[in-house]
Amino acid sequence: MSARKSILITGAGGLVGPLLATRLLRDPNYSQHIIYLTDLAPPIVPSASSSIPADRLQNVIPIQGDITSPSFVSSLISSTLQDGAQLSAVFIFHGIMSAGSEANFELSLKVNVDSVRLLLDEIRTQAPGTRVIYSSSQAVYGQPLPAVVTDDVTPTPQSTYGAHKLMMETYINDLHRKGYIVGFVVRFPTISVRPGKPTAAASSFLSGIIREPLAGKECVVPIEDRSFRSYLSSPSTIAENLVRVLEMDSDKLPEHRRSVNFPGISVSVQELLDALEKYGGKEKLGLVKEKRDEGLEKVLRSWPTNFDTSRAVGELGLVVDEGVDGLVGEYVESLKQSE
């Protein structure tokens, strides 16, 4: 009889953790896996629906706690190994976002560096060989950059958030090289359109520009340049690509270069406004206020605006959104389903 398998997802009170949990619960390939969700806030547990049978939710175990605490992290990993279970994968999604990290260096260091190292060290000690998928960011890059970033461009972050992400990327590379874990680093595009409330990310307006006006609320765009472009991906595409990395052969990547730039699309502020008008009507444009924030603009302009996705899509089998209409249309459809 094979050992029970478990998957741990950190940052499960945010967007990506519950999104991935829902995707896994819908997938018959993971019907026997126990999914542990953890966060400082109560983890968000997916609800039963036509696509998630109620009995599958019995396989979800939420554990609330402080992942910066050594004792909590040790007990967390121990929990996933109960009764001889095999910890097959850990997704690391927790963290302080970009604007929050820039405003509070010490907090970013504690959460984005120290807690991640602590978690990784418990994994290599208690469950060596576990697959670890770490969510990084395009913020690891900084100017000057080519018009299209390839995998050969050296990361040179211009923000605390990007610097701390790159530090953990390097640590994961070394842990993988030494055989302590099976490591993957996935660099997310900005996820848009995100449901819920604005976040402490410099890129938060890239969802707010659609989400807030459609809800009858005002959104402030911190950059007075409608030609400004950002690299975006829809929530569903992020979830699908995470599962594809979960199932990816380890030798698809070199042993000391474990990062993958997730595919996205380059979208301008004007294109987002056009999509808002298409789906919400011209009157919704009046709820968008453009007011320059010099600090946020500096961070935003340090990020790349487009990537070469040929390797990620062609060689690694990841997927990409078709266009800005798809991003906004997916969000609008989710609103209809929640009514």
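None of these values were measured; they are calculated from a predicted model.

Colleague: Help me get a handle on the sheet that holds strand E10 (residues 259-261), residues and values and all.
Modeller: Sheet architecture is open: seven strands sit in the order E3-E2-E1-E4-E5-E6-E10, paired in parallel fashion. The open sheet terminates on both sides in strands that have one partner only, identified here as strand E3 (60-64) and E10. The sheet shows a mean angle of 20° between the axes of neighbouring strands, taken without regard to direction. Pairing analysis gives four bridges linking strand E4 (residues 86-92) to strand E5 (residues 131-137), with the strands arranged parallel. Paired with valine 90 across the two strands is valine 132, which belongs to E5. Across the face of the sheet, helix H5 (residues 160-177) comes into contact with E5, strand E6 (182-188) and E10 while running at roughly 155° to E5.

Colleague: Please give an account of helix H2 (residues 70-80) that cites residues and values.
Modeller: Three or more residues of H2 are buried, namely Phe72, Val73, Leu76, Ile77, Ser79 and Thr80. Buried residues in H2, looked at end-on, bunch into an arc of 155°, giving them a common side.

Colleague: Can you lay out the packing of helix H6 (residues 205-214) against helix H8 (residues 269-280) for me, pointing to particular residues and giving the numbers?
Modeller: Axes are the key here: two packed helices are described by the angle between their axes and the distance separating the axes. H8 packs onto H6 with a crossing angle of 20° between their chain directions and a minimal axis gap of 10 Å. In terms of orientation, H6 and H8 fall into the roughly parallel class. Considering only the axes of H6 and H8, their crossing is right-handed. Only Val269, Leu272, Leu273, Leu276 and Gly280 of H8 make contact with H6, whose side of the interface consists of Phe205, Leu206, Ile209, Ile210, Pro213 and Leu214.

Colleague: Explain the nonpolar core to me, using residue names and the numbers behind them.
Modeller: Within the largest apolar cluster, 34 residues are counted, with the highest numbers of intra-cluster contacts made by Ile9, Leu24, Phe91, Phe188, Leu242 and Phe262. Setting aside its immediate chain neighbours within four residues, phenylalanine 262 contacts Val186, Arg187, Phe188, Pro189, Tyr231, Ile238, Asn241, Leu242, Val245 and Leu318. By size, the runner-up hydrophobic cluster in this structure holds 29 residues, among which are Ala139, Val193, Cys219 and Ile223.

Colleague: Can you break down the sheet that holds strand E11 (residues 265-268) residue by residue, with the values?
Modeller: Spatial ordering of the open sheet is given by E7-E9-E11, a layout of three strands whose pairing is mixed. Pairing within the sheet leaves two strands with one partner each, and these edge strands are strand E7 (190-191) and E11. Of the pairings in the sheet, the one linking E7 to strand E9 (residues 229-233) comprises two bridges and is parallel in character. Bridged to isoleucine 191 within E9 is serine 233. The strands touched by H8 within the sheet are E9 and E11, with E11 carrying the most contacts at an inclination of about 80°.

Colleague: Give me the lowdown on the domain arrangement of the protein chain, citing residues and values where you can.
Modeller: Taken as a whole, the protein chain is organised into domain 1 (5-190 + 233-261) and domain 2 (192-232 + 264-305 + 322-337). The C-alpha centroid of domain 2 is placed 25 Å from the C-alpha centroid of domain 1. Of the residues lining the interface, 20 residues belong to domain 1; the matching set on domain 2 comes to 21 residues. For the pairing of domain 1 and domain 2, the buried interface totals around 1800 Å² over both sides, and the portion due to carbon and sulfur atoms is 61%. The largest contributions to the domain 1 side of the interface with domain 2 come from Leu15, Gln138 and Thr190, which together make up 29% of the buried area. Taken together, the connections running from domain 1 to domain 2 amount to zero salt bridges. Counting across the interface, domain 1 meets domain 2 through seven residue pairs in polar contact (both at pLDDT 80 or more). A per-element tally of the side of domain 1 that touches domain 2 places helix H3 (residues 98-103) first, with three residues. Of the residues assigned to the side of domain 1 that touches domain 2, the class counts are 10 nonpolar, 10 polar and no charged.

What counts and how
- Residues numbered from 1 in each chain as written.
- Predicted model: local features only at pLDDT ≥ 70, side-chain atom pairs only at ≥ 80, totals over all residues.
- Heavy atoms only, no water.
- Pairing = 2+ DSSP bridges.
- Helix = DSSP H or I, 4+ residues; strand = E, 2+ residues; numbered from the N terminus.
- Axes fitted to C-alpha atoms, helices over the stretch in contact; angles between N-to-C directions.
- Contact = heavy atoms within 4.5 Å.
- Buried < 20%, exposed > 50% of the residue type's maximum accessible area, 1.4 Å probe, protein only.
- Arc of directions from axis to C-beta.
- Parallel < 35°, antiparallel > 145°, perpendicular 65-115°, else oblique.
- Left-handed = near helix turned anticlockwise from the far one by under 90°.
- Core = buried A, V, L, I, M, F, W, Y, C linked by side-chain atoms within 4.5 Å.
- Domains from an automatic or database assignment.
- Buried area = accessible area lost by both parts, 1.4 Å probe.
- Salt bridge = Lys/Arg side-chain N within 4 Å of Asp/Glu carboxyl O.
- Polar contact = N/O pair within 3.5 Å; in protein donor to acceptor, adjacent residues only side chain to side chain.
- Nonpolar A, V, L, I, M, F, W, Y, C, P; charged D, E, K, R; others polar.

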